[in-house]
Amino acid sequence: DLLLTVPCDSPLFPFNLGVCYFRSEDLEKAEEELIKSLSLNPVHGSSHYLLGQLKMVQNERIPALMALQFFLVLVRLLSIHICRIA
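Just so we're clear, the structure is a prediction, and the values are computed from it rather than from any experiment.

Caption draft 1: How the structure looks around the overall build of the chain. Counting secondary structure elements, the chain contains five helices and zero strands. Its helices and strands taken in sequence order, the chain reads α-α-α-α-α from the N to the C terminus. Expressed as a percentage of the 86 residues in the chain, the buried residues total 30%. Of the roughly 6200 Å² that the chain leaves accessible, carbon and sulfur atoms contribute 65%.

Structural data, given as structure tokens:
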């Protein structure tokens, strides 16, 4: 029933699948799901963060740093936006 409440264009379903695959150490499937998540929402910070962690585990430093840097940019932009609202 819960799956029916998540819209098809939401990045949350592929992101959560990616988390499950990452935890079960199926890194190829985890990467596929995270890329799906980012194709649905390119500014989904958690997907960038987990993709960076995944790339670190795969010892792919440059892609890892790029994903983690993008995550940090998103966090910074969000904090600036929240400060302006408050």
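Next comes the rest of the description.
Caption draft 2: Representation of the pattern of salt bridges. For the structure on display, the rule yields four salt bridges. Between E31 and K55 there is a salt bridge, with the nearest N and O atoms lying 2.8 Å from each other. Separated by 24 residues along the polypeptide, E31 in helix α3 (residues 27–40) and K55 in helix α4 (residues 45–57) bring together distant segments of the chain. One exposure class covers both E31 and K55, and it is buried.

Caption draft 3: Geometry of the environment of G52. Of note, G52 is situated in helix α4. Taking C-alpha positions, G52 is 4.1 Å from A64, a pair spaced twelve residues apart along the chain. Excluding its chain neighbours within four sequence positions, the residues that come into contact with G52 are A64, A67 and L68.

Caption draft 4: Structural context of the packing of helix α2 (residues 12–23) against α3. α3 packs onto α2 with a crossing angle of 160 degrees between their chain directions and a minimal axis gap of 8 Å. The angle between α2 and α3 falls in the class roughly antiparallel. For the pair α2 and α3, the sense of crossing is left-handed. Here P14, F15, L17, G18, Y21 and F22 of α2 come into contact with α3, specifically with L27, K29, A30, E33, L34, K36, S37 and L40. Of the residues that constitute the contact of α2 with α3, the class distribution is nine nonpolar, two polar and three charged.

Caption draft 5: Main features of the nonpolar core. Core analysis: the biggest nonpolar cluster contains ten residues, these being F15, V19, L27, A30, L34, L38, L50, L51, L54 and A67. Those elements that place two or more of their residues in this core are α2, α3 and α4. With four residues, α3 is the largest single contributor of residues to this core.

Caption draft 6: Structural context of unusual backbone geometry. Here the phi dihedral of E25 falls at roughly 65 degrees; this positive angle occurs in a residue that is not glycine. Here E25 shows up in the loop between α2 and α3. One non-glycine residue, N59, lies in positive phi territory at about 60 degrees. With respect to the helices and strands, the residue N59 is situated in the loop between α4 and α5 (61–85).

The rules behind the values
- Residues numbered from 1 in each chain as written.
- Predicted model: local features only at pLDDT ≥ 70, side-chain atom pairs only at ≥ 80, totals over all residues.
- Heavy atoms only, no water.
- Helix = DSSP H or I, 4+ residues; strand = E, 2+ residues; numbered from the N terminus.
- Buried < 20%, exposed > 50% of the residue type's maximum accessible area, 1.4 Å probe, protein only.
- Areas by Shrake-Rupley, 256 points an atom, 1.4 Å probe, with all protein chains shown as cover.
- Salt bridge = Lys/Arg side-chain N within 4 Å of Asp/Glu carboxyl O.
- Contact = heavy atoms within 4.5 Å.
- Axes fitted to C-alpha atoms, helices over the stretch in contact; angles between N-to-C directions.
- Parallel < 35°, antiparallel > 145°, perpendicular 65-115°, else oblique.
- Left-handed = near helix turned anticlockwise from the far one by under 90°.
- Nonpolar A, V, L, I, M, F, W, Y, C, P; charged D, E, K, R; others polar.
- Core = buried A, V, L, I, M, F, W, Y, C linked by side-chain atoms within 4.5 Å.

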